[in-house]
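Structural characterization, general
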Amino acid sequence: MDTSPQKEEAQGKKVYVSLSGLPLSFHLEWPFHKSTSGADFWVLHADIALENSLGLHAPVAVNLSATVREMMSSLEPRDAEAPVINALRKEVDRRQIEFLKSGKRVPLQFSSRHYDFKRNKWVFGKATDEEIGLLLARKVYWQTKMAGGPVWLGDPTEALYVETSTAHVLDLAQKLRRQEVITLEGEWASANATLMAQAEKFESDMRAALTDLEQKHAYERG
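Before going into details, it helps to say that this report is about the structure given with it. (Residues numbered from 1 in each chain as written. Predicted model: local features only at pLDDT ≥ 70, side-chain atom pairs only at ≥ 80, totals over all residues. Heavy atoms only, no water.)

Moving on: unusual backbone geometry. Comment: phi is negative for the bulk of residues other than glycine, and the bulk of peptide bonds are trans. Cis geometry marks the peptide bond from W30 to P31, where omega comes out at 5 degrees. For the bond from G149 to P150, the omega torsion is 0 degrees, close enough to zero to count as cis. Turning to its location among the elements, P150 is positioned in the loop between α4 (129-147) and β8 (151-152). Notably, E163 is not glycine yet its phi reads approximately 55 degrees, a positive angle. With respect to the helices, strands and loops of the structure, E163 is situated in the loop between α5 (156-161) and α6 (166-178). (Helix = DSSP H or I, 4+ residues; strand = E, 2+ residues; numbered from the N terminus.)

Structure below.
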């Protein structure tokens, strides 16, 4: 594995993108702790930051059900981080999370709806190759803009979110490389000028997704 200083630095902040086009970063306050309310669940406090915004974020309390706890290897980050991030990202894609400059911590149920017991795997929704390719392009753009590069496309969290393998994600990244949108070194991508020239498109996608989310929550408040 490449452990150059540049790549170690790039690993410091990870930007994940919703399928709707919102760039997100996650602060997870490990460890999970047993609920003090007497209910049979575990809690992890987290904060979802909407990147490229003026401080918009969503503080949440991830409530892990006893059913899901039983089938998880552990509640340590190595086993729980990817599904937690993707459960939160899925709620953003479902427009269930509202971003504010301040706000009360919102409970979020990390339940068995994200787990396929028949296939014994996490499931967050199957994406098409076209959707995955766009997700990767957006990820490289936003990670480069907000934190610098190179960008790790071999992150298993990404493959898990779109219900595919890391190998398939990297195959699709090769398509972006052939289009001269990115350069690729193993599992690491760097943005080319062609990609960064699409800034208005990616940022327009973000504005449209945020507007859609805000209108949904405004309607629910009446």
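Attention shifts here to the sheet that holds strand β10 (residues 188-191). Taken in spatial order, the 3 strands of this open sheet run β8-β10-β9, and their pairing is antiparallel. In this open sheet, the two edge strands, each paired with only one partner strand, are β8 and β9 (182-185). The sheet contact formed by β8 and β10 spans 2 bridges and is antiparallel. The residue bridging V151 from the neighbouring strand is A189, located in β10. (Pairing = 2+ DSSP bridges.)

All right, on to α6 then. The terminal C-alpha atoms of α6, which comprises 13 residues, lie 19 Å apart, in line with the 18 Å expected from a rise of 1.5 Å per residue. For α6, the full list of buried residues reads V169, L170, L172, A173 and L176. End-on, the buried residues of α6 take up no more than an arc of 160 degrees, which puts them together on one face. Facing away from the buried side of α6 by more than 90 degrees, the exposed set consists of D171 and R178. The inward-facing, buried residues of α6 abut α4, α5 and β9. A positive phi of about 60 degrees marks E180, the residue just after α6. (Expected span 1.5 Å × (residues − 1). Buried < 20%, exposed > 50% of the residue type's maximum accessible area, 1.4 Å probe, protein only. Arc of directions from axis to C-beta. Contact = heavy atoms within 4.5 Å.)

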